[in-house]
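One letter stands for each residue in the lines below.
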Amino acid sequence: MKFDSPAQTNPIDQLKIVGKPTPRIDGPLKTTGTAPYAYERHNVVPGQAYGYVLGAGIAKGRIKAMNIAHAQQAPGVIGVLNTLDFEPAPLGSQNTANLFGGAEIQHYHQAIAMVVAETFEQARAAAHMIIVEYEREHGNFDLAKLAPDAPLVKGGNGEPSVDSYGDFESAYAAAPVKLDATYTTPDETHAMMEPHATIAAWDGDKVTVWMSHQMIQWGKVALAKALGVPQENVRIDSPFIGGGFGGKLFIRADVVVAALAARKFQRPVKVTLQRPLIINNTTHRPATIQRIQLGAGKDGKLTAISHESTSGNLPGGGPEGAVNQTQLFYAGANRRTALRIAELDLPEGNAMRAPGEAPGLMALEIAMDELAEKLSMDPVELRIVNDTQVDPMNPDRPFSYRDLVGCLRRGAEAFGWDKRNPKPAANRKGRWLIGHGMAAGFRNNVLRKSGARVRLGSDGVLIVETDMTDIGTGSYTIIAQTAAETMGLPLNRVRVELGDSSYPVSAGSGGQWGAVNSTAGTYAACVKLREKVATALGLSGDDITFANGKVASGDTSFALSDAAKNGEIVAEDSIEYAEVNESHQQSTFVAHFVEVAVDAYTGETYLKRMLAACSAGRILNPISARSQVIGAMTMGAGAALSEELAVDKRFGFFVNHDLAGYEVPVHVDIPHQEVIFLDETDPWSSPMKAKGVGELGLCGVGAAIANAVYNATGVRIRDYPLTLDKYLDRLPKV
Amino acid sequence: MADFEAFKVSRRGVLAGGTVSVAATSVPVVRARAAAQPATPTVPVSLKVNGKEHKLMLDTRTTLLDALREHIKLTGTKKGCDHGQCGACTVIVNGTRINSCLSFAVMHEGDEVTTIEGLGTPDNLHPMQAAFVKHDGYQCGYCTPGQICSAVSVLEEIRKGVPSHVTDDLEGPMKPTNMEMRERMSGNICRCGAYSNIAEAMAEVAGEKA
Amino acid sequence: MRAFTYQRASSAAEAAKVVYNNREAKFLAGGTNLIDLMKIEVETPTHLVDVNGLGLDEIAPTEEGGLRIGALVTNTACAADERVRRDYGVLTRAIVAGASGQLRNKATTGGNLLQRTRCPYFYDTNQACNKRKPGSGCAAIGGASRQLGIIGVSDKCIATYPGDMAVALRVLDAVVETVKPDGTTRAIPIAEFHRLWGDTPEIETALEPGEFITAVVLPKPLGGKHLYHKVRDRRSYAFALVSVAAVIQPDGTGRVAIGGIAPKPWRVESADAALPDVAAAARALTAGASPTEENKFKIALVERTLAGVMAEARS
Ligand SMILES: Cc1cc2nc3c(=O)[nH]c(=O)nc-3n(C[C@H](O)[C@H](O)[C@H](O)COP(=O)(O)OP(=O)(O)OC[C@H]3O[C@@H](n4cnc5c(N)ncnc54)[C@H](O)[C@@H]3O)c2cc1C
Ligand code: SF4
């Protein structure tokens, strides 16, 4: 199905099932421990041996020698996969760091060997017996040190690029009110609960991997390349994924070593990356240093906006796109954004939930708070006066639908923003300094081709097959809702099968594009099925309805299952987008409001209230959409208050590489969270009229917390996370 | 004086440990492959899991978690970190919740273990499981079995008067307040961030009980 | 994890003897620290003596009016004990500020006292660590040291004792009872139980090889207000940046001990004597501190946390 103009009224608009709060259809499996995750699929292939990965003990250099003899002799050991026996596995286009093979060490805990044994205990013990001699090389690990000389990132034409519009320099110089400040965000890790894991088994020259992966097709292409086999010889199955947040977008070492070992030792091999290895072995959200300059008139209208961000990565790796939203978020005639990148020898920086926007808005939205204060203006109003309905750098290009102002107004009202004392450090209750803060957020809606196959059985059960994944996002449920709505079936007559590369290629789970595209693809396949059903039942004309398990036209009515009386009816289609992407800017919007209490003695910060108001098109399932938003708010709370990978700048690694050292929020950190979805549709997005919401909740929330801490304490912190050591000396005397 | 109840340890050949400690400190010179591989000490362990007796022969190093997941093949209990840092492996042993990753199976000889599979099934959910579904107290589902085992235990711990970090009056009766539940659940990390919903699921179950 | 043989002990003295006679043997109590470290081969015992089931899991009154807490009493059982809650609130509060509910259900009184440092370099066997491998150096010095010690540390090791329970025990002047491999017993005041690192950070306590903890004895109750404030980056399930255990009498005098800053729970006589003067007490507690750039904030944090605790005691 081609989507090239705004959606008209269609079967989804019935909203009998779509849009209704629907508990997840996979809920009973997940809550009873019966949903199978990658490492635990005992039944898919017999004789699974256990792998245990050894990570490099240095950050940069070469392996001089590796003694695997003791490991090989250890009890139960089947064999040792040694990086020195392999050429570096060819990299997929989205990978930067070598995954396995060769003597060169590019980063700490790079996989250099895997022991395969009869049991997990044996493999782990033997892995510790491997003795490695390294030749250490000098590496660069200190972003702050390299930042002053970091070059601009090259644009499409290969030249160092600055995106500008109007004349920033003059406008800034002339602005009556100015802000020029630098903000930093630290390296962060996904810390999804399920470690990367794979079971790999070969059948002749074909390999099947049962793994935990967000993007099945990307994984298939990359794995085929790494293994040097045709794509059609690779099958990936990933029906349940214990979280990814971008950490499972691109294949990692687990699947490469599992497949190589399974081939070498002619045994199915299962491996999971042990938790203390994950942080340095896989990818992370890179740290940023961001300079923001804002110039405004006395009325608060922005006249000049500049945002420049520096991040680091391995040679060949990309920057953290922390300035992207700044091109589109606020009005302003003169603007400039730029990215710089320093070559670092830390582990690979790559996508983590809301890449770019998450750290970018952590900075930009503190800057807006600071500007509001300089203007003596309410921060909500400042954002409202700077709203834009068009792409500010291309005014002929409107937003498809943008109600940031609605988010700000509704959110402020529901939160009771008008009762906030704008004066910092002026609201003390006993030992608690109370503060309120807000920030706005923005994240693009991305349209990607997405396919699905639907099968109508003679029992009247509809099966949807797509390689789409459910990483906790609720894909199973919204896809079922979409199919049920389109085919006029109750939800319990629809079964959804996901995550198998033998199914039609979908958009996959990433960049908050999963929901809208995968449901649109399902819708497309269902529309095709409706045609086939009509034909099978001998119906024609444009009054055919699908409702209550029946197909009707005029006076004739059949049970839907009648169409499949003589055998299953199968239809397959994709949603494909043309032009709507270019002609209209599609984005999602949020306003965050937060109340904090800061201990006047110790500086400990507790979140008391969190509220988000979202403008994100049609909400397909208010239950799971809300969960996406509160989950992202929780991740943002961690980013604001406690999450930071500590870099050892001498040895080049993330020191706190486990879940005790890297502190993500726990239950007690998070108060009751409120989410408001504005009632809206965006017909430019797809037939679903929905947009992504999975990352939106993370966008801006960190700054809302930082602004609340400022309001509570009067201390402006521009370096995340806002740990107490950064402001203790500026709290009231005790 | 009573001697040790020498535990039945099968020690075919040399203990692996001895060889290992030599290997780790020896100079990196490739040695000839030893003729016979030293054996791994194994022990018989019997566990009562969800009411069912299991007799296993296990490597002493096998954690309760791996005994459940890899040997009994009850994979509902999850391995999130294997170091007691996430709570995904939480199971209920003899009525109290523990991290099954930081316990050797052999330490649980004769113990009664309740896992998520023992609380309810998809067709017959435990009230806490049903409340999690209703309030969407999970997303990716990986921490969920541990969350639910903890949630059930937390309400029990409050009932028994076990104090927590947020208990004001150590001598007064404990109540399943929102703060009490959130503090006590804090050993179960949910990176998807379903905390607010889990608190609501628990409140519903606690309310029904109260 | 190295392979190990396993046995259940039938008496404390026998357990001590076995561990004494086999340098590669260790006691296994709750296992929550030992197993964690065995998995990454920071600990490499080849024989474990399981000391659960020795009947050391009871709390009984002493003749002196105190309590004797068996070494195998779990953290949860100790914290929940009615007598502990009533008379030694600081101990309950310290215990429940530590780890998580699940861990406390397994962690034992003896094992908790002996939990090893949380220095991240100690946990990473690729890194130099004098405590893990004497003489190899200390990667933490000059490295990521925000969580590490500011006082009582040495140029060989700047780690802290990470536990909470012991900080309360220090305020209470508890006594650690042990049995030695030769069957004799002794009582070690908690003040002398944990050692400063000095030149031998691998030696962490006064225990001799094979010496086994049988109980912790609490002297008779002190009265006063019992407080424990633990400051950390997240609100639960995290180790202390700084913690303050205090027993404060109505006139503002009392005792305080600090966690999270030193190789042992940090208590200074002159600080107790200075109470209720918070500034003077804090000065005494942090006198001679040698923090790193990353953890020097702990000096101010000690004073501020103490001030908060004293304010709470007054309220
Ligand atoms: C993620 C995580 C977070 C934690 N957070 C905290 C925290 O915030 N605060 C805190 O205080 N603790 C914390 N802990 C540590 C926890 O409290 C300890 O692991 C626990 O108390 C150790 O007790 P155990 O009985 O399990 O000891 P084990 O692991 O069984 O033993 C520890 C050591 O003591 C020895 N030993 C045990 N008993 C005896 C005895 N009776 N005599 C002689 N030697 C003995 C053992 O041989 C071993 O060497 C945390 C642990 C984890 C895993
Ligand atoms: S501070 Fe102590 S524990 Fe940490 S690396 Fe140095 S010697 Fe080891």
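Keep in mind it's a predicted model, so treat the numbers as computed, not measured.

So, about the site of ligand 2. The full set close to ligand 2 counts 14 residues, and C119(C), C129(C), C138(C), C157(C) and I158(C) are the nearest of them. Across the shell around ligand 2, the residue classes break down as 10 nonpolar, 2 polar and 2 charged.

What follows concerns the site of ligand 1. The environment of ligand 1 is made up of 34 residues, and the closest members are F27(C), G31(C), T32(C), T108(C) and D164(C). Close to ligand 1, residues of chains B and C are found. Backbone polar atom of N33(C) to an oxygen atom of ligand 1: 2.9 Å apart, as the coordinates give it. Residue I213(C) places a main-chain N or O atom 2.9 Å away from a nitrogen atom belonging to ligand 1. Burial of ligand 1 by the protein amounts to 97% of the accessible area it has alone, namely 970 Å². Elements with a contribution of two residues or more to the shell around ligand 1: strand 2 (25–28), helix 7 (109–113) and strand 8 (212–218) of chain C. Examining the composition of the shell around ligand 1, we find that 3 residues originate from one element, helix 7 of chain C, more than from any other.

Residue and element names in this part refer to chain A. Entries for chain A in the domain assignment read domain 1 (2–35 + 447–579) and domain 2 (395–443 + 586–730). Computed from C-alpha atoms alone, the centre-to-centre distance between domain 1 and domain 2 is 34 Å. The interface of domain 1 with domain 2 comprises 33 residues on the first partner and 26 residues on the second. In this assembly, domain 1 packs against domain 2 so that about 2,200 Å² is buried in total across both faces, 61% of it on carbon and sulfur atoms. When the buried area of domain 1 at its contact with domain 2 is split by residue, P6, Q512 and V516 rank highest and sum to 27% of it. Linking domain 1 to domain 2 there are 2 salt bridges. In this structure, the salt-bridge partner of K689 is D13, at a minimum N-O distance of 2.8 Å. In this assembly, domain 1 and domain 2 are joined by 14 residue pairs in polar contact (both at pLDDT 80 or more). Elements represented by at least two residues in the side of domain 1 that touches domain 2 include exactly helix 12 (475–487), helix 13 (514–536) and strand 27 (569–577). Counting residues per element, the side of domain 1 that touches domain 2 draws most heavily on helix 13, which supplies 5 residues. Counted by class, the side of domain 1 that touches domain 2 contains 16 nonpolar, 14 polar and 3 charged residues.

Taken residue by residue, the interface counts 74 residues in chain A and 69 residues in chain B. Each partner contributes to the roughly 5,700 Å² buried at the junction of chain A and chain B, and carbon and sulfur atoms together form 56% of this total. When the buried area of chain A at its contact with chain B is split by residue, Q73(A), M193(A) and H667(A) rank highest and sum to 16% of it. Counting across the chain A and chain B interface gives 31 residue pairs in polar contact (both at pLDDT 80 or more). Going through the elements one at a time, helix 1 (27–31), helix 2 (69–73), helix 3 (120–127), strand 7 (131–136), helix 8 (275–281) and helix 15 (622–641) of chain A are the ones with two or more residues in the side of chain A that touches chain B. Looking at which element gives the most residues to the side of chain A that touches chain B, the answer is helix 15 of chain A, with 9 residues. Class assignment of the residues belonging to the side of chain A that touches chain B gives a composition of 36 nonpolar, 25 polar and 13 charged.

Our focus in this paragraph is helix 1 (residues 12–21) of chain C. Residues spaced three or four apart along an α-helix face the same direction, because each turn holds 3.6 residues. Looking at helix 1 of chain C, one finds that the buried residues are A12(C), E14(C), A15(C), A16(C), V18(C) and V19(C). Buried residues belonging to helix 1 of chain C abut strand 1 (5–8), strand 2, strand 3 (47–50), strand 6 (175–179) and strand 8 of chain C.

Cut-offs used in this document
Residues numbered from 1 in each chain as written. Chains lettered and ligands numbered in written order. Predicted model: local features only at pLDDT ≥ 70, side-chain atom pairs only at ≥ 80, totals over all residues. Heavy atoms only, no water. Near = heavy atom within 4 Å. Nonpolar A, V, L, I, M, F, W, Y, C, P; charged D, E, K, R; others polar. Polar contact = N/O pair within 3.5 Å; in protein donor to acceptor, adjacent residues only side chain to side chain. Areas by Shrake-Rupley, 256 points an atom, 1.4 Å probe, with all protein chains shown as cover. Helix = DSSP H or I, 4+ residues; strand = E, 2+ residues; numbered from the N terminus. Domains from an automatic or database assignment. Contact = heavy atoms within 4.5 Å. Buried area = accessible area lost by both parts, 1.4 Å probe. Salt bridge = Lys/Arg side-chain N within 4 Å of Asp/Glu carboxyl O. Buried < 20%, exposed > 50% of the residue type's maximum accessible area, 1.4 Å probe, protein only.

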